[in-house]
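# Notes for the structure review
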Amino acid sequence: AAGVIQSPRHLIKEKRETATLKCYPIPRHDTVYWYQQGPGQDPQFLISFYEKMQSDKGSIPDRFSAQQFSDYHSELNMSSLELGDSALYFCASSTFYGYTFGSGTRLTVV
Amino acid sequence: QQPVQSPQAVILREGEDAVINCSSSKALYSVHWYRQKHGEAPVFLMILLKGGEQKGHEKISASFNEKKQQSSLYLTASQLSYSGTYFCGTEISNNQGGKLIFGQGTELSVKP
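## Topic: the overall build of chain A
Each helix and strand in chain A was counted, giving zero helices and eleven strands. Over its C-alpha atoms, taken along the principal directions, chain A stretches across nearly 40 × 25 × 20 Å. Within chain A, the proportion of its 110 residues that are buried is 45%. When contacts within chain A are restricted to residue pairs at least 6 apart in sequence, those whose partners lie at least 24 apart make up 51%. Put simply, chain A shows about 5400 Å² of open surface, and 49% of that area lies on carbon and sulfur atoms. Distance between charge centroids for chain A: 5 Å, based on 10 positive and 11 negative side chains.

## Concerning the packing of aromatic side chains
Per the stated rule, a full pass over the model turns up eleven aromatic pairs over all chains. When the ring of tyrosine 35 of chain A is compared with that of phenylalanine 102 of chain B, the centres are 5.4 Å apart and the planes differ by 75°; the resulting orientation is edge-to-face. In this pair, tyrosine 35 of chain A sits in strand β4 (residues 31-37) while phenylalanine 102 of chain B sits in strand β10 (residues 101-102), so the two residues belong to two different chains. Of the two residues, tyrosine 35 of chain A and phenylalanine 102 of chain B, both sit in the buried class. Look at phenylalanine 87 of chain B and phenylalanine 102 of chain B: their rings are 6.0 Å apart centre to centre, the planes differ by 80°, and that puts the pair in the edge-to-face class.

## Looking at the environment of glutamine 5 of chain B
Residue and element names in this part refer to chain B. Mapping glutamine 5 onto the fold places it in strand β1 (residues 4-6). Looking at glutamine 5, the relative accessible area reads 3%, which means it is buried. For glutamine 5 and glutamine 70, which are 65 residues apart along the polypeptide, the C-alpha to C-alpha distance reads 9.8 Å. Dropping the residues within four chain positions of it, glutamine 5 is found in contact with Ile20, Asn21, Cys22, Trp33, Tyr86, Phe87, Cys88, Gly103, Gln104, Gly105 and Thr106.

## Quick notes on the sheet that holds strand β1 (residues 5-7) of chain A
All names here are of chain A. Spatially, β1-β3-β8-β7 is the arrangement adopted by the four strands of the open sheet, whose pairing is antiparallel. Each edge of the open sheet is held by one strand with a lone partner, namely β1 and β7 (64-68). When the angles between neighbouring strand axes are averaged without regard to direction, this sheet yields 15°. Pairing of β7 with strand β8 (residues 74-78) involves five bridges; the strand directions are antiparallel. Opposite serine 65, over in β8, you have asparagine 77 as the bridge partner.

## Section: the state of the cysteines
Enumeration over the complete set of coordinates arrives at two disulfides over all chains. A sulfur-sulfur separation of 1.7 Å characterises the disulfide bridge that pairs cysteine 23 of chain A with cysteine 91 of chain A. Between cysteine 23 of chain A and cysteine 91 of chain A the disulfide shows an S-S torsion of about -50°. By sign, it is left-handed. In this pair, cysteine 23 of chain A sits in strand β3 (residues 19-24) while cysteine 91 of chain A sits in strand β9 (residues 87-95), placing the two residues 68 residues apart along the sequence. Since its relative accessible area comes to 0%, cysteine 23 of chain A is described here as buried. The class of cysteine 91 of chain A is buried, set by a relative accessible area of 0%. Residue pairing for cysteine 22 of chain B: its cysteine sulfur links by disulfide to cysteine 88 of chain B, the two sulfurs lying 2.1 Å apart. One disulfide, between cysteine 22 of chain B and cysteine 88 of chain B, carries an S-S torsion of 70° and so falls in the right-handed class. Of this pair, cysteine 22 of chain B sits in strand β3 (residues 18-23) while cysteine 88 of chain B sits in strand β9 (residues 84-91), and the two are 66 residues apart along the sequence. Residue classification places cysteine 22 of chain B among the buried positions, given a relative accessible area of 2%. Overall, the relative accessible area of 0% leaves cysteine 88 of chain B in the buried class.

## Re the interface of chain A and chain B
The interface is formed by 23 residues belonging to chain A together with 23 residues belonging to chain B. With both sides pooled, the region where chain A packs onto chain B buries about 1700 Å², and carbon together with sulfur makes up 57% of that total. Linking chain A to chain B there are one salt bridge. As a salt-bridge pair, lysine 99 of chain B and aspartate 56 of chain A come within 3.0 Å of each other at their nearest N and O atoms. Sorting elements by how many residues they give to the side of chain A that touches chain B places β4 of chain A first, with four residues.

Basis of the calculations
- Residues numbered from 1 in each chain as written.
- Chains lettered and ligands numbered in written order.
- Predicted model: local features only at pLDDT ≥ 70, side-chain atom pairs only at ≥ 80, totals over all residues.
- Heavy atoms only, no water.
- Helix = DSSP H or I, 4+ residues; strand = E, 2+ residues; numbered from the N terminus.
- Buried < 20%, exposed > 50% of the residue type's maximum accessible area, 1.4 Å probe, protein only.
- Contact = heavy atoms within 4.5 Å.
- Areas by Shrake-Rupley, 256 points an atom, 1.4 Å probe, with all protein chains shown as cover.
- Lys, Arg positive; Asp, Glu negative; His and termini not counted.
- Charge placed at Lys NZ, Arg CZ, Asp CG, Glu CD.
- Phe/Tyr/Trp six-rings, centres within 6.5 Å; stacked < 30°, edge-to-face > 60°.
- Pairing = 2+ DSSP bridges.
- Axes fitted to C-alpha atoms, helices over the stretch in contact; angles between N-to-C directions.
- Disulfide = S-S within 2.5 Å.
- Buried area = accessible area lost by both parts, 1.4 Å probe.
- Salt bridge = Lys/Arg side-chain N within 4 Å of Asp/Glu carboxyl O.

Written as structure tokens, this is what we have:
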């Protein structure tokens, strides 16, 4: 069965650089979510999209932006990276029956 | 508002049972349960919708008390593979594009 695909799996960036994370949801899942998970922390909601429109926003820094494209894939753009942005970033897509998470992108800022 | 999980950590011997609780200060539409192994994605276990239902998945079941805004996850006859961090996630509405807010997690270790 198709899953949520995220790329890249690992990313190393220097401070003040820019990163772009990609997410391909499960086909016919209409909502995409982005979560950030620091070491030993619970996943923190960043932003969600329903039918390509932003539907909710959480604790997402102004340096981050995201969008969902016509093919339903989503990208999270992160600029002026800081050391504290180092984390696992998960994308999830959902239907009525629950959320399915991708394998995540591990971002390390050095 | 983040749901509160208890306990924070549990250590079990294989075959023992455990209960993990999740409570919210807000009225809930649904409660989700996930298990996450270190460095991996959270894996969906089950969803409970308001209505006080109980669900089962092999030896793992859960209940949802809508009036108390509480859910409990029951792990029966635990296996080594049950080890991981368990998160409850709550939704306060069924609006399309809403969000899941996670509790702080319960770390479960099952020893031989």
